[in-house]
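Per-entry structural report
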Amino acid sequence: MIVTVNRKAHFNAAHRLYNNEWSADRNEDVFGKCANPHFHGHNYELIVSVTGEINKRTGFVMDMKVLKDLIKDKIEEEFDHKNLNIQLPEFKNLNPTAENISVVIWNKLRSHIPKKLKLKITLYETPRNFVSYCGE
Ligand code: NI
């Protein structure tokens, strides 16, 4: 039986979306309020989903305590209350859109989760806007 287990997590972070090669007006046209040069924050809600066979000995797909600690160490501690553009090297040359943040999170977690399990990231930037990434 293939089952997906999900763990929710949360972080607050600031960002600015912009393209250096564009004028201020064009950045505002494309990115709206997210282009604000003075940065702004979002309350990001993260769902980490792990899919695989139920282990016959434990009855788990993955120990949720292990998943919880992994998300805390690798994501929450690194992202919470940070300015993503300035404080995370991953976004030095990468726009911290919800799309790119979800890819960065997937990459940070993938090597810590057993290979036979599938990993999917769902990231809410606002209660109505969310993205998902499964590594493809
Ligand atoms: Ni924004």
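Per chain, residue numbering runs from 1 following the sequence as it is written. Local features in this predicted model are restricted to residues whose pLDDT is 70 or higher, and side-chain atom pairs enter the listing and the counts only when it is 80 or higher, whereas totals over whole chains, interfaces and linings include all residues. Only heavy atoms go into the side-chain values, all of them from the structure, while hydrogens and water stay out.

1. Some points on the overall build of the protein
- Working definition: helices are DSSP H or I runs of at least four residues, strands are E runs of at least two. Numbering for both runs from the N terminus. Within the protein, the secondary structure is distributed over four helices and five strands.
- Secondary structure of the protein in N-to-C order comes out as β-α-β-α-β-α-α-β-β.
- If you line up the protein on its principal axes, its C-alpha atoms span 60 × 25 × 25 Å.
- Classification of residues uses two cut-offs on accessible area relative to the type maximum, computed with a 1.4 Å probe and protein chains only: under 20% is buried, over 50% is exposed, and between them is partly exposed. For the protein, the residues scored as buried account for 39% of the 136 residues in total.
- Restricting the contact set of the protein to residue pairs at least 6 apart, pairs at least 24 apart contribute 66%.
- Under the convention used here, a 1.4 Å probe and the Shrake-Rupley method define accessible areas, while residue burial counts only the protein chains that appear. Entry remark: accessible area of the protein is about 8600 Å², with carbon and sulfur atoms responsible for 50%.
- Charged side chains in the protein number 20 positive and 17 negative. The centres of these two groups are separated by 8 Å. Residues are treated as being in contact if the distance between any of their heavy atoms lies within 4.5 Å. We treat Lys and Arg as the positive residues and Asp and Glu as the negative residues; His and chain ends play no part in the count. Charge coordinates come from a single atom per side chain, which is NZ of Lys, CZ of Arg, CG of Asp or CD of Glu.

2. Overview of the pairing of strand β4 (residues 118–124)
- Where strand β2 (residues 40–53) meets β4, seven bridges bridge the pair, whose relative direction is antiparallel. The residue of β4 that forms the bridge with Ser49 is Lys120.
- In this description, strands pair whenever DSSP reports at least two bridges between them. In this structure, β4 lies alongside strand β5 (residues 130–133), joined through four bridges in antiparallel fashion. Paired with Ile121 across the two strands is Tyr133, which belongs to β5.

3. Quick notes on the coordination of the nickel ion
- Each metal's donors are the N, O and S atoms within 2.8 Å of it, or within 3.2 Å when it is Na, K or Ca, and because water is not part of the set, sites may look incomplete. Within the protein, the atoms that donate to the nickel ion are His15 (NE2), Cys34 (SG), His40 (NE2) and His42 (NE2), at distances of 2.0 to 2.1 Å.
- Considering all four donor atoms around the nickel ion, angles at the metal cover 94 to 136° and the coordination shape is irregular.
- When the donor residues of the nickel ion are listed from N- to C-terminus, their spacing reads H-x18-C-x5-H-x1-H. Of this pair, His15 sits in strand β1 (residues 2–15) while His42 is found in strand β2, placing the two residues 27 residues apart along the sequence. The same class applies to His15 as to His42, namely buried. The geometry test gives tetrahedral to four donors whose angles all lie between 85 and 135 degrees, gives square planar to four donors and octahedral to six donors whose opposite members are over 155 degrees apart with all other angles between 65 and 115, and gives irregular to the rest.

4. A word on the sheet that holds β5
- As summarised here, the arrangement of the five strands in space is β3-β1-β2-β4-β5, forming an open sheet in which the pairing is mixed. The sheet is open, and its two borders are formed by β3 (82–83) and β5, each paired with just one other strand.
- To obtain an axis, a line is fitted to C-alpha atoms, over the contacting stretch when the element is a helix, and the angle between two such axes runs from 0 to 180 degrees between their N-to-C directions. Lying over the sheet, helix α2 (residues 64–79) contacts β1, β2 and β3, oriented at roughly 20° with respect to β1.
- Strands in contact with helix α4 (residues 98–110) are β1, β2, β4 and β5; relative to β4, the strand with the most contacts, it is inclined by about 145°.

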